[in-house]
Amino acid sequence: MVARPAGRQVVAQNRKARHNYFIEDTLEAGIVLTGTEVKSLRAGRGSINECYAADQDGDIYLINSHIPVYPPAGRFNHEPRRARKLLLHRRQIAKLVGAITREGYTLEPLSIYFNERGQGRAGIGARQEEARQARQHQRTRLAAPETPPLARVTVRQAAAARPPARGRTYAP
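Since we're looking at a predicted model, the values are computed, not measured. (Residues numbered from 1 in each chain as written. Predicted model: local features only at pLDDT ≥ 70, side-chain atom pairs only at ≥ 80, totals over all residues. Heavy atoms only, no water.)

Chemist: Describe the pattern of salt bridges, listing the residues and the values that go with them.
Modeler: Scanning all chains against the criterion turns up eight salt bridges. As a salt-bridge pair, Glu28 and Arg8 come within 3.7 Å of each other at their nearest N and O atoms. One end of the pair, Glu28, is in strand β2 (residues 21-31); the other, Arg8, is in the segment before β1 (9-13), with 20 residues separating them in the sequence. Under the relative-accessibility criterion, Glu28 is labelled partly exposed at 39%. Among the ionic pairs, Arg127 bridges to Glu108, the shortest N-O distance being 3.1 Å. Remark: Glu108 occurs in strand β6 (residues 106-114) and Arg127 occurs in strand β7 (residues 120-130); sequence separation between them is 19 residues. When sorted by exposure, Arg127 lands in the same class as Glu108, which is buried. (Salt bridge = Lys/Arg side-chain N within 4 Å of Asp/Glu carboxyl O. Helix = DSSP H or I, 4+ residues; strand = E, 2+ residues; numbered from the N terminus. Buried < 20%, exposed > 50% of the residue type's maximum accessible area, 1.4 Å probe, protein only.)

In structure tokens form, the structure reads like this:
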């Protein structure tokens with residue numbers, strides 16, 4: 001038996017996800033993998049850059065993730081871009097499906113790794129809108145407040161802006 005490295009062994013990361021999007025909630029899920037997929041991932045090959053998670057038939061699937069074929073397997077290989085089922089509790093699935101349908105969230109995969117026990121896991125993040133859009137929304141909200149701030153007015157400016165006095169005015 002070969003000794004596994006201690007701790008988390010990260011296979012694939014979606015680095016752009018945290019930069020491009022505001023990740024509100026993260027969650028860990030197991031992945032249903034075939035034998036050749038596990039061997040290919042253990043070799044350090046795999047990509048989740050163009051991947052997303054979605055609801056299909058009451059379960060959550062990882063769609064468009066790329067795990068390349070394992071060459072020694074020959075004709076018993078897997079399909080590289082197949083939908084892979086994520087293992088979650090029913091309450092977690094119901095919560096995620098509700099967030100997707102009602103609140104407009106999108107599930108973004110953050111990483112695929114093997115945990116300390118050697119099980120394949122996926123880190124999933126829930127995002128609502130792009131980070132750029134969120135920052136732009138915040139800028140516009142700060143730039144145009146509801147009440148304009150009070151302007152500083154000097155004594156001379158205030159006197160010049162005052163209407164002329166009624167009644168007698170004395171000329172110098």
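Chemist: Would you mind going over unusual backbone geometry in detail, with residue names and values included?
Modeler: With phi around 55°, Asp57 is a residue other than glycine that occupies positive phi space. Inspection of the secondary structure assignment puts Asp57 in the loop between β3 (52-56) and β4 (59-63). Relative accessible area serves as the criterion here: at 80%, Asp57 is assigned to the exposed category. Positive phi outside glycine occurs at Asn64, with the angle close to 70°. By the element assignment, Asn64 lies in the loop between β4 and β5 (84-87).

Chemist: Outline helix α2 (residues 35-42), listing residues and values.
Modeler: Those residues of α2 that sit buried are Thr36, Glu37, Ser40 and Leu41. Buried residues of α2, seen end-on, are gathered within an arc of 135° and therefore sit on one face of the element. Residues of α2 that are buried make contact with β1, β5 and β6. (Arc of directions from axis to C-beta. Contact = heavy atoms within 4.5 Å.)

Chemist: I'd like a description of the nonpolar core, backed by residues and values.
Modeler: Ranked by size, the top nonpolar core spans 23 residues in total, and within it Ile60, Leu62, Leu86, Leu107 and Ile112 carry the most contacts. Those elements that provide at least two residues to this core are β1, β2, β4, α3 (90-102), β6 and β7. Sequence-distant contacts of Leu62, defined by excluding residues within four places in its chain, comprise Cys51, Tyr52, Ala53, Arg82, Ala83, Arg84, Leu86, Pro109, Ile112 and Ile124. (Core = buried A, V, L, I, M, F, W, Y, C linked by side-chain atoms within 4.5 Å.)

Chemist: So what about the environment of Gln119? Which residues, and what values?
Modeler: With respect to the helices and strands, the residue Gln119 is situated in the loop between β6 and β7. Along the sequence, Gln119 and Val32 sit 87 residues apart, while their C-alpha atoms lie 10.0 Å from each other.

Chemist: Give me α3: which residues, what numbers.
Modeler: The first and last C-alpha atoms of α3 sit 18 Å apart over 13 residues, in line with the 18 Å expected at 1.5 Å per residue. Every buried residue belonging to α3 is among Ile93, Leu96, Gly98 and Ala99, and all of these are buried. Residues of α3 that are buried sit in contact with β2, β4 and β6. Of the residues flanking the end of α3, it is Gly104, one or two places downstream, whose phi is positive at about 75°. (Expected span 1.5 Å × (residues − 1).)

Chemist: Give me the lowdown on the packing of aromatic side chains, citing residues and values where you can.
Modeler: Any aromatic ring pair is given by two values, namely how distant the centres are and how the planes are angled relative to each other. Scanning the model with the defined rule gives zero aromatic pairs in all. Seen from the ring of Tyr113, Arg8 lies directly overhead, with NZ or CZ sitting 4.0 Å from the centre. Over the ring of Phe114 we find Arg42; its NZ or CZ atom is 4.1 Å from the centre of that ring. (Phe/Tyr/Trp six-rings, centres within 6.5 Å; stacked < 30°, edge-to-face > 60°. Lys NZ or Arg CZ within 6 Å of the ring centre and 35° of its normal.)

Chemist: Account for the environment of His89, with residues named and values stated.
Modeler: Along the chain, the position of His89 falls in the loop between β5 and α3. By relative accessible area, His89 is classed as exposed at 59%. Separated by 60 residues in sequence, His89 and Ala29 have C-alpha atoms that sit 9.1 Å apart.

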